[in-house]
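Survey of secondary and tertiary structure
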Amino acid sequence: EIWRYRISSPGAKTINIVFSKFVLPLEATLFLYAENGDNILGDLKTLQFVSSDATDNQLATPVMQPDSIIIEVDISTDAFVPEDMELEIGSINIGYRGIGGREEKDRR
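So, here is what we can say about the structure in this document. (Residues numbered from 1 in each chain as written. Predicted model: local features only at pLDDT ≥ 70, side-chain atom pairs only at ≥ 80, totals over all residues. Heavy atoms only, no water.)

1. Remarks on the nonpolar core
This is how the line gets drawn: Among buried residues, those of type Ala, Val, Leu, Ile, Met, Phe, Trp, Tyr and Cys that are joined through side-chain atoms within 4.5 Å constitute a nonpolar core. Three labels apply to residues, based on accessible area from a 1.4 Å probe with only protein chains included: buried if under 20% of the type maximum, exposed if over 50%, partly exposed otherwise in between. Secondary structure counts use DSSP, requiring at least four H or I residues in a row for a helix and at least two E residues in a row for a strand, with both numbered from the N terminus.
Of all hydrophobic cores here, the largest spans 17 residues; its most connected members are I17, L32 and I69. Mapped by element, the contributors of at least two residues to this core are β2 (14-23), β3 (29-34) and β6 (68-74). Broken down by element, the residue count for this core peaks at four residues, all from β2.

2. Examining the sheet that holds β2
Put simply, the rule is: Pairs of strands are assigned from DSSP output, requiring at least two bridges between the strands.
Pairing is antiparallel in the open sheet, where three strands are placed in the order β5-β2-β7. For this open sheet the edge positions go to β5 (59-60) and β7 (86-95), each flanked by a neighbour on one side alone. Inspection of the sheet shows β2 paired to β5 by two bridges, in the antiparallel sense. Each bridged residue has a counterpart across the sheet, and for V18 the counterpart in β5 is A60.

3. Let's talk about the sheet that holds β6
If you walk across this open sheet you meet the four strands as β1-β6-β3-β4, and the pairing is antiparallel. The sheet terminates laterally at β1 (2-8) and β4 (41-42), the two strands that pair on one side only. The pairing of β3 with β6 spans six bridges and is antiparallel. If you follow A34 over to β6, its bridge partner there is I69.

4. What about a nonpolar patch on the surface?
The cut-off we apply is this: Surface patches are drawn from residues lacking salt bridges whose relative accessible area is over 30%; two like charges belong together within 9 Å, two nonpolar side chains (Val, Leu, Ile, Met, Phe, Trp, Tyr) within 5 Å. What sets the accessible areas is the Shrake-Rupley method with a 1.4 Å probe; for residues, cover comes only from the shown protein chains. Think of a salt bridge as a Lys or Arg side-chain nitrogen and an Asp or Glu carboxyl oxygen that are within 4 Å of each other.
Residues Y5, I89, I92, I94 and Y96 make up a contiguous nonpolar surface patch of roughly 460 Å² in combined accessible area. Here the nonpolar patch takes three residues from β7, the largest share from any one element. Checked against the element boundaries, Y96 lands in the segment after β7.

5. Side note on the pattern of salt bridges
The final tally for this structure, using the stated rule, is two salt bridges. E72 is the partner of R4 in a salt bridge, and the nearest nitrogen-oxygen pair spans 2.8 Å. Taken as a pair, R4 in strand β1 and E72 in strand β6 lie far apart in primary sequence, 68 residues in all. Residue R4 is classed as exposed on the basis of its relative accessible area, which comes to 54%. When its relative accessible area of 11% is taken as the criterion, E72 is described as buried. For R6, the salt bridge identified is with E35, shortest N-O distance 2.8 Å. Within this pair, whereas R6 is found in strand β1, its partner E35 is found in the loop between β3 and β4, the two being separated by 29 residues in sequence.

6. Details of the packing of aromatic side chains
In this description, a pair of aromatic rings is defined by centroid distance and the angle of the planes. To be explicit about the condition: Stacked, edge-to-face and tilted labels apply to pairs of Phe, Tyr and Trp rings (six-membered ring for Trp) whose centres lie within 6.5 Å, assigned for plane angles under 30 degrees, over 60, and everything in between, in that order.
Tallied over the entire structure, the rule returns one aromatic pair. Aromatic pair F19 and F22: ring centres 5.4 Å apart, planes at 55°, arrangement tilted.

In C-alpha cells, the structure reads:
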C-alpha cells in the first residue's frame, strides 16, 4: 500500500517540512519529491538519525525547490504494523526568494 500527501504553494521557490513526530518502522519507506517527479529525497529513514533529535523523533527535511511536493509512504509488506509508525507534520516552511535570498532576474 502506498500513501501520498500533496503540499502545494503556487509561486513558492522552496519548501521544507518539519515532522514533529517521525517514527518509521523498518518495513516502511518515506520519500519526498517534486510533483513532476524530479528532485527526489528518500528514503527519509536514512536522515532520521542524521537530522533529527533521536530523543523526540523529529525531522526537518532538506529544502526542496519545487512549489508542489509529494510525501509518499510505502508500506507494501505484510509485516507492517500501523501502530509502529508515527508521522505528524509540525510545520511547512515556504520560501519566496529562492535559496540564499537570490531574486529572480526577470520580475514582472
